[in-house]
Amino acid sequence: MKGWQRQLTVPQFTVISGLLVIVSGTLLLATPLCSRPSVDLWEALFTATSAITVTGLSIIDVGSELTLFGQMVLAALIITGGLGLMA
C-alpha cells in the first residue's frame, strides 16, 4: 500500500502544505515569545497568511508589536512563501 503522500496530486499537496505552514506560523506568532499581548489569534492568522502568500499586507505594526524572534519568524514565512511561488 502506498503512503498518503503519494496519493495526493500536486495541487492537493501544495494546498495542504501551505495550510500547515500558515497554521504553524499563526500559532508561533500568537505566542508571547513572538508578539505583544495586544496581538490576538486573528491578527496572527492574517499576518501569517499574508506572509505565505507574499502579499505584504499587515494589520499590525510589525516593528512594535512583534519581538525580534517574531520578526524572524515572519521573515521565514515570507521566504517560505517566495520559495513556494518560485517552485
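Before reading further, recall that the structure is shown in the block above.
Some thoughts on the nonpolar core
Right, so step 1: Grouped together as the largest cluster of nonpolar side chains are 13 residues, with contacts concentrated most on L29, L66, V73 and L77.
Right, so step 2: Breaking this core down by element, the ones donating at least two residues are α2 (10-30), α3 (41-52) and α5 (68-86).
Right, so step 3: Excluding residues that lie within four positions of it along the chain, L77 makes contacts with V21, G25, L29, A48, A51 and I52.

Details of a nonpolar patch on the surface
Right, so step 1: On the surface, L28, L33, L68, F69 and M72 cluster together to form a nonpolar patch covering roughly 510 Å² of accessible area.
Right, so step 2: It is α5 that provides the largest number of residues to the nonpolar patch, a total of three residues.
Right, so step 3: Within the secondary structure, L68 sits in helix α5.
Right, so step 4: Residue class for L68 comes out exposed when judged on its relative accessible area of 62%.

With respect to the side chain of S35
Right, so step 1: Following the sequence through the fold, S35 ends up in the loop between α2 and α3.
Right, so step 2: Judged by relative accessible area, which is 4%, S35 ranks as buried.
Right, so step 3: Among the polar contacts listed, one links the side chain of S35 to the backbone oxygen of L29, at a separation of 2.8 Å.
Right, so step 4: Contacts of S35, omitting those with residues within four sequence positions, involve L29, A30, E65, L66 and T67.

Topic: unusual backbone geometry
Right, so step 1: For V54, which is not glycine, the phi dihedral falls at a positive 55°.
Right, so step 2: With respect to the element layout, V54 can be found in the loop between α3 and α4 (62-65).

Focus: α5
Right, so step 1: With 19 residues, α5 extends 27 Å from end C-alpha to end C-alpha; this agrees with the ideal 27 Å at 1.5 Å per step.
Right, so step 2: Those residues of α5 not exposed but buried are G70, V73, L74, L77 and G81. Looking down the long axis of α5, one finds its buried residues gathered within 100° of arc, a one-sided arrangement. Residues of α5 that are exposed and point more than 90 degrees away from the buried face comprise L68, I79, L83 and M86.

Re the environment of T26
Right, so step 1: Structurally, T26 can be placed in helix α2.
Right, so step 2: Taking the relative accessible area as the measure of exposure, T26 reaches 5% and is therefore buried.
Right, so step 3: Expressed as a C-alpha distance, the spacing of T26 and A48, which sit 22 residues apart in the sequence, is 5.6 Å.
Right, so step 4: Setting aside anything within four residues of it in sequence, one finds T26 in contact with L41, A44, L45 and A48.

Focus: the side chain of T47
Right, so step 1: Positionally, T47 belongs in helix α3.
Right, so step 2: From its side chain, T47 meets the backbone oxygen of E43 in a polar contact 2.8 Å long.
Right, so step 3: For T47, the residues in contact, after removing those within four places along its chain, are L29, S58, I60 and L74.

Criteria and cut-off values
- Residues numbered from 1 in each chain as written.
- Predicted model: local features only at pLDDT ≥ 70, side-chain atom pairs only at ≥ 80, totals over all residues.
- Heavy atoms only, no water.
- Core = buried A, V, L, I, M, F, W, Y, C linked by side-chain atoms within 4.5 Å.
- Buried < 20%, exposed > 50% of the residue type's maximum accessible area, 1.4 Å probe, protein only.
- Helix = DSSP H or I, 4+ residues; strand = E, 2+ residues; numbered from the N terminus.
- Contact = heavy atoms within 4.5 Å.
- Patch = residues over 30% accessible without salt bridge, like charges linked within 9 Å, V, L, I, M, F, W, Y side chains within 5 Å.
- Areas by Shrake-Rupley, 256 points an atom, 1.4 Å probe, with all protein chains shown as cover.
- Salt bridge = Lys/Arg side-chain N within 4 Å of Asp/Glu carboxyl O.
- Polar contact = N/O pair within 3.5 Å; in protein donor to acceptor, adjacent residues only side chain to side chain.
- Expected span 1.5 Å × (residues − 1).
- Arc of directions from axis to C-beta.

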